[in-house]
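Chain and residue survey
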Amino acid sequence: MTSTESTRTEVTHRIEVAAPAAAVYRIVADVSRWPLYFPPTVRAERIAGDDTEERIRICALANGDLRSWESRRRLFPDRFRVEFEQVVTADPVAAMGGTWTVRPESDGGCVIVLDHHYRAVGDDPAKLARIAGAVETNSVAELANLKRVAERAAEEAELLFEFADTETFAAPIEQVYDFLYDAAKWPERLPHVVRLDLREDTTGLQHMEMDTRSPDGSVHTTISGRVCEPNRRISYKQVKLPAALRAHNGEWLFESTSDGRVLVTARHQVFLDPEGIAALPAPPASLAAARTAVRNALGANSRATLAKAREHVEAR
């Protein structure tokens, strides 16, 4: 056995799911949906390839830190199998890969098997322990949520929705982007932001904890990961959520127009949590009412942020 092989760690996680293997495989195969279904994932996208072999970029939380890496994946839909290998790693990972395998069961359900193999930079024991902790935490969370989503797929049409608000700015795109990127200054700039702690250990990858005041006066604490692409897009994922939400992802999208203006769109993708809604002190009368309440609350904050951003940059 070579020294490289001797330092490779292998680990397997599995879970039984009362849903068809094909339905589960579709979720595993489509990484664009992972931020909705997998709590650690902030953003995931295909950057090259097709439905048989692809290269993907993922930004996800690991041990409380936001990290980014790229992987090559081979997809085998006839076998419900996906093989992955990181091609651009992030410290403390020197190498990582594995497989998703969805095994059909005779009762119509399936078993998901998630295998990982990895090595730490410099074979450092402390780094190896950090990787092991992140793999354990993230794998358990991903499998549990994959099971829940697959088994309750029929509810998704009522629980999942998207909406957006757009504002036009008469200012350079750099100034507009900077206002939304420099979130550390939001408590002094935005009335609905009570407190905000921002950490950016890697340029463009932000970890943000924020207290915001809703239209009804209540204050909510959220924790988000943000991926910032200058003058183009800021993507975010809330990982600590209000009780009514199972998932909330969003983007600030920036676009220059032919007449020199800037369009900024605040896009939201929301997955309601029916159990969380039912446990509220005064729950909405229906899921439709809950969708309206969430849309109003999140949209109000986005529109207030855009209005203050326009006021700030156009006053220069």
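The paragraphs below set out a description of the structure included in this document. It should be emphasised that the depicted structure is a prediction, and the values quoted were computed from it without experimental measurement.

1. Side note on the sheet that holds strand E6 (residues 93-104)
Reading across the sheet, the 7 strands line up as E1-E7-E6-E5-E4-E3-E2 and stay open at both edges, with antiparallel pairing between neighbours. Each edge of the open sheet carries a strand with a single partner, namely strand E1 (9-17) and strand E2 (41-49). Adjacent strand axes in the sheet meet at a mean angle of 20 degrees when their direction is disregarded. Taken together, the 5 bridges between strand E5 (residues 81-88) and E6 define a ladder with antiparallel strand orientation. Pairing of Phe84 across the sheet is with Gly98, part of E6. Each of E1, strand E3 (53-62), strand E4 (65-76), E6 and strand E7 (110-120) touches helix H4 (residues 125-151); the most contacted strand, E1, lies at about 15 degrees to it.

2. With respect to the packing of aromatic side chains
Note on aromatic pairs: each is described by the distance of the centres and the angle between the planes. If you walk through the whole model with that rule in mind, you get 8 aromatic pairs. Both rings, one in Tyr25 and one in Phe80, keep their centres 6.0 Å apart while their planes meet at 50 degrees; by these two values the pair is tilted. Highlighted residues: Tyr25 in helix H2 (residues 21-29) and Phe80 in the loop between E4 and E5, separated in sequence by 55 residues. The burial state of Tyr25 is the same as that of Phe80; both residues are buried. Ring geometry for Trp34 and Phe38: centres 5.0 Å apart, planes at 55 degrees, overall tilted. Residue Trp34 is classed as buried on the basis of its relative accessible area of 7%. The exposure class of Phe38 is buried, given its relative accessible area of 0%. Here the aromatic cluster, defined as three or more aromatic residues joined through ring pairs, consists of Trp34, Phe38 and Trp100. Across from the ring centre of Phe76, 4.4 Å away, lies the NZ or CZ of Arg79, which sits over that ring.

3. Observations concerning the packing of helix H6 (residues 173-181) against helix H9 (residues 287-314)
Two measures define how a pair of helices packs: the angle their axes make with one another and the distance between the axes. At a minimum axis distance of 10 Å, the contact between H6 and H9 shows a crossing angle of 130 degrees. By the angle between their axes, H6 is oblique relative to H9. In this structure, H6 meets H9 at a crossing whose hand is right-handed. Contacts between H6 and H9 involve Gln175, Val176, Phe179 and Leu180 from the former and Thr305, Lys308, Ala309, His312 and Val313 from the latter. For the contact of H6 with H9, the residue count by class is 5 nonpolar, 3 polar and 1 charged.

4. A short note on the pattern of salt bridges
All told, the structure shown has 34 salt bridges when counted by the stated rule. Across the pair Arg46 and Glu54 runs a salt bridge whose closest N-O atoms are separated by 2.7 Å. Notably, a salt bridge pairs Arg233 with Glu251, separated by 3.4 Å at the nearest N-O pair. A residue pair is termed long-range when its members are at least 10 positions apart, and Arg233 in strand E12 (residues 233-240) and Glu251 in strand E13 (residues 245-256) qualify at 18 residues. Accessibility assignment for this pair places Arg233 and Glu251 in one class, buried. Taken together, the shared-partner salt bridges in this structure form one network comprising Arg43, Glu45, Arg55, Arg57, Glu70, Glu162, Glu229, Arg232, Arg233, Glu251 and Arg267.

Definitions and cut-offs
- Residues numbered from 1 in each chain as written.
- Predicted model: local features only at pLDDT ≥ 70, side-chain atom pairs only at ≥ 80, totals over all residues.
- Heavy atoms only, no water.
- Pairing = 2+ DSSP bridges.
- Helix = DSSP H or I, 4+ residues; strand = E, 2+ residues; numbered from the N terminus.
- Axes fitted to C-alpha atoms, helices over the stretch in contact; angles between N-to-C directions.
- Contact = heavy atoms within 4.5 Å.
- Phe/Tyr/Trp six-rings, centres within 6.5 Å; stacked < 30°, edge-to-face > 60°.
- Buried < 20%, exposed > 50% of the residue type's maximum accessible area, 1.4 Å probe, protein only.
- Lys NZ or Arg CZ within 6 Å of the ring centre and 35° of its normal.
- Parallel < 35°, antiparallel > 145°, perpendicular 65-115°, else oblique.
- Left-handed = near helix turned anticlockwise from the far one by under 90°.
- Nonpolar A, V, L, I, M, F, W, Y, C, P; charged D, E, K, R; others polar.
- Salt bridge = Lys/Arg side-chain N within 4 Å of Asp/Glu carboxyl O.

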